[in-house]
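# Observations on the model geometry
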Amino acid sequence: MNRVFNFSAGPSMLPVPVLEKAASEMLCYGESGMSVMEMSHRSPDYEAIINDAEKMLRELMQIPDNYKVLFLQGGASTQFAAVPLNLIGRTGKADYVVSGQFSGKAFKEAQKMGYDVKCVATSKDDNFDHIPTFTKDMIREDAAYVHICFNNTIYGTKYPEIPDTGDIPLVADMSSCILSEPVDVSRFGVIYAGAQKNVAPAGVTIVIVREDLLEYADPKMPTMLEWKIMAENGSMYNTPPTYTIYIAKLVFEHLLATGGLAAKKAYNENKAALLYGYLDSQDYYIAPVKKESRSLMNVTFVTGDAELDKKFAKEAAAAGLKNLKGHRSVGGMRASIYNAMPTEGVEKLVAFMKEFAANNPKA
Ligand SMILES: *Cc1c(COP(=O)(O)O)cnc(C)c1O
């Protein structure tokens, strides 16, 4: 077996001890005589798995008691519709910050449904190379919520701090940064995240929602999108993505056993510093993102020559450093260095970058 360093933006690497544990329990979970995949979601064994998953996530993220934790389907993209459907009833209008492709999609989805939504800030004119600044006074006083994407997976930018939206609930897509470092959940009305970047395989979306925000759903909304119904049914209004939630539980367990999110933050900051430190020390590669907006999880860079970029991704893959090609909409390179990417992977990447620069002088 020869595992590679997989820099994919998602689905992405999972911790080896988690995969090993899942493999050891594949045919028979505990005394159940069956795989978790084959289990009724109403069985006592499975009830314990999903309850533990929630308990561990609450402990890891220090989620206050007045927040519900939901395990839903449909990916983060389904929440682009679910967010307005659940919250717009508060005042009838909502504000969005567009800092990249996913926040743009979220904004468009709300617009498509005919709601009164406004983009209050964007960095589109600068090709999303930074997080746009926005202040409380730019938000409409009667906005039902303000939506942001906390870490922009494609462009490699992240909010340097949680924006202050006063009493207006802040809704954040954290798909590509959840569990990468501690975050003060109480500053948010809603946090949501697809699992396949930093939590589990694809198939489950985590929604963390403040209880008082469960009262504003459009009565005509699809049942499956209504957070309140999902909360009342312990995320089991229908069959949840049972196996994915089980893997998420193993990941939470692994994080708790290895020092929690404070330890992960230090680990991730060290990895990111290795890569950004190298990028800042030379001029062969260009890191397009403004320093104050740099992501801890997704690091973008280019050579400035599309052919060289292509060659880079190809040769890196041959050297066991996979999926470094940037998103199809922006080109260049992107190294996604989520929790499960070992420091060794980043060290190997930096060594490869040096070698490639030496072997491929620019004209
Ligand atoms: C990947 C990603 C999405 C899309 O997630 P799906 O689960 O594929 O719908 C949305 N937002 C962010 C920030 C992402 O990284």
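Look up a bit, the structure's there.
Residues numbered from 1 in each chain as written. Predicted model: local features only at pLDDT ≥ 70, side-chain atom pairs only at ≥ 80, totals over all residues. Heavy atoms only, no water.

### Considerations on the site of the ligand
Basically, it comes down to this: Any residue with a non-hydrogen atom lying within 4 Å of a molecule or strand is treated as near it. As used in this structure description, the phrase polar contact means that two N or O atoms lie within 3.5 Å; if the pair is within protein, one of them must be able to donate a hydrogen and the other to accept it, and residues adjacent in sequence are counted only when both atoms belong to side chains. Only the protein chains shown count as cover for residues, with accessible areas throughout obtained via the Shrake-Rupley method and a probe of 1.4 Å. Polar here means any residue outside two lists: the nonpolar Ala, Val, Leu, Ile, Met, Phe, Trp, Tyr, Cys and Pro, and the charged Asp, Glu, Lys and Arg; Gly therefore counts as polar.
Taken together, 13 residues lie around the ligand, and Ser77, Thr153, Asp173, Gln196 and Lys197 are the ones closest in. The contact in question runs from an oxygen atom of the ligand to an N or O atom on the side chain of serine 77, over 2.6 Å. Its free accessible area being 390 Å², the ligand has 85% of it covered by the protein chains. Here the residues of the shell around the ligand sort into four nonpolar, seven polar and two charged.

### Thoughts on the packing of helix H2 (residues 44-61) against helix H6 (residues 242-257)
For clarity, the threshold we go by: All axes are obtained by fitting lines to C-alpha atoms, using only the stretch in contact for helices, and the reported angles, taken between N-to-C directions, cover 0 to 180 degrees. Working definition: helices are DSSP H or I runs of at least four residues, strands are E runs of at least two. Numbering for both runs from the N terminus. Angles are sorted into four bins: roughly parallel if under 35 degrees, roughly antiparallel if over 145, roughly perpendicular if 65 to 115, and oblique for all others. By the definition used in this description, the sense in which the near helix is turned from the far one sets the handedness, with an anticlockwise turn below a right angle giving left-handed and a clockwise turn giving right-handed. Contacts between residues were defined by any pair of non-hydrogen atoms, one from each residue, lying within 4.5 Å.
Remark: H2 packs on H6, axes separated minimally by 9 Å, with the N-to-C direction vectors making an angle of 40 degrees. Regarding the angle of H2 to H6, the classification is oblique. Crossing handedness for the pair H2 and H6: left-handed. Taken together, the residues of H6 that come into contact with H2 (itself represented by Tyr46, Ile49, Ile50, Asp52, Ala53, Met56, Leu57, Glu59 and Leu60) are Thr242, Ile245, Tyr246, Lys249, Phe252, Glu253, Leu255 and Leu256. Its residues assigned to classes, the contact of H2 with H6 comprises 12 nonpolar, one polar and four charged.

### Regarding the side chain of histidine 41
Rules: Relative accessibility decides the category of a residue: with a 1.4 Å probe and only protein chains considered, values under 20% of the type maximum give buried, values over 50% give exposed, and everything between is partly exposed.
Mapped onto the secondary structure, histidine 41 falls in the loop between helix H1 (16-24) and H2. Residue classification places histidine 41 among the buried positions, given a relative accessible area of 15%. Engagement of the side chain of histidine 41 in a polar contact is seen with the side chain of arginine 42, the distance being 3.4 Å. Setting aside chain neighbours within four positions, we find histidine 41 in contact with Tyr46, Glu47, Met236, Asn238, Thr239, Pro240 and Thr242.

### What to know about the environment of arginine 140
With respect to the element layout, arginine 140 can be found in the loop between strand E4 (116-122) and strand E5 (146-149). Residue classification places arginine 140 among the buried positions, given a relative accessible area of 17%. Residues arginine 140 and methionine 39 lie 101 residues apart in sequence; the distance between their C-alpha atoms is 48 Å. Setting aside its immediate chain neighbours within four residues, arginine 140 contacts Lys93, Ala94, Asp95, Asp116, Val117, Lys118 and Ile168.

### Some words on the packing of aromatic side chains
To be explicit about the condition: Two rings from Phe, Tyr or Trp (for Trp, the six-membered ring) form a pair when their centres are within 6.5 Å of each other. A pair whose planes differ by under 30 degrees is stacked, one over 60 is edge-to-face, and the rest are tilted.
Inspection of every chain in the model, using the stated rule, returns 16 aromatic pairs. Arranged with centres 6.5 Å apart and planes meeting at 70 degrees, the rings of phenylalanine 80 and tyrosine 192 form a pair that is edge-to-face. Of the two residues, phenylalanine 80 sits in helix H3 (residues 75-87) while tyrosine 192 sits in strand E9 (residues 190-194), which places them 112 residues apart along the sequence. The exposure class assigned to phenylalanine 80 is buried, which follows from its relative accessible area of 4%. Classification of tyrosine 192 by relative accessible area gives buried; the value is 0%. On the numbers, 5.6 Å between centres and 5 degrees between planes, the contact of phenylalanine 150 with tyrosine 159 is stacked.

### Thoughts on the pattern of salt bridges
Condition: One speaks of a salt bridge when a side-chain nitrogen belonging to Lys or Arg is within 4 Å of a carboxyl oxygen belonging to Asp or Glu.
Enumeration according to the criterion identifies 19 salt bridges in this entry. With its nearest N and O atoms 3.7 Å apart, the salt bridge here joins lysine 55 to aspartate 52. Linking lysine 55 with aspartate 52, this pair stays in helix H2, spanning three residues, or about one helical turn. A residue is classified by how much of its surface remains accessible, and lysine 55, at 57% relative accessible area, is exposed. Residues glutamate 269 and lysine 265 are paired through a salt bridge, measuring 3.1 Å at the closest nitrogen-oxygen approach. Separated by four residues within a single helix, glutamate 269 and lysine 265 lie in helix H7 (residues 260-280), roughly one turn from each other. Classification of glutamate 269 by relative accessible area gives partly exposed; the value is 35%.

### Looking at the environment of isoleucine 139
Position of isoleucine 139 relative to the elements: it lies in the loop between E4 and E5. Isoleucine 139 has contacts with Asp95, Phe134, Val146, Thr165 and Ile168, leaving out every residue within four places of it along the chain.

### A word on the state of the cysteines
Filter applied, for reference: Disulfides are defined as cysteine sulfur pairs within 2.5 Å.
Inspection of the entire model under this criterion finds zero disulfides. Cysteine 149 supplies the cysteine sulfur nearest to cysteine 119, a cysteine that is in no disulfide, at a spacing of 13 Å.

### Quick word on the packing of H3 against helix H4 (residues 101-112)
The contact between H3 and H4 brings their axes to 8 Å, and the two run at 45 degrees. The orientation of H3 relative to H4 falls into the category oblique. Judged by the twist between their axes, the crossing of H3 over H4 is right-handed. Across the interface between the two elements, Phe80, Ala81 and Pro84 of H3 pack against Phe102, Lys105, Ala106, Glu109 and Ala110 of H4.

### What to know about empty space enclosed by the protein
Defined as follows: Computed over the protein atoms alone on a 1 Å grid, cavities are sets of points where a 1.4 Å probe fits but cannot get out and pockets are open sets with protein on both sides within 12 Å along at least five of seven lines; a residue lines them when it has an atom within 4 Å of a point. Grid points are joined across faces, edges and corners, and a volume is the space filled by probe spheres set on the points.
Summed over all chains, the structure comprises one cavity of 30 Å³ or more. Reported here for the largest cavity is a volume of approximately 30 Å³. In terms of lining, the largest cavity is formed by Asn6, Ser12, Met13, Ser336, Tyr338 and Met341. Across the lining of the largest cavity, the residue classes tally to three nonpolar, three polar and no charged.

### Focus on the side chain of serine 8
With respect to the helices and strands, serine 8 occurs in the loop between strand E1 (5-6) and H1. A residue is classified by how much of its surface remains accessible, and serine 8, at 12% relative accessible area, is buried. For serine 8, the contacting residues outside a window of four places in its chain are Lys322, Asn323, Ser336 and Tyr338.

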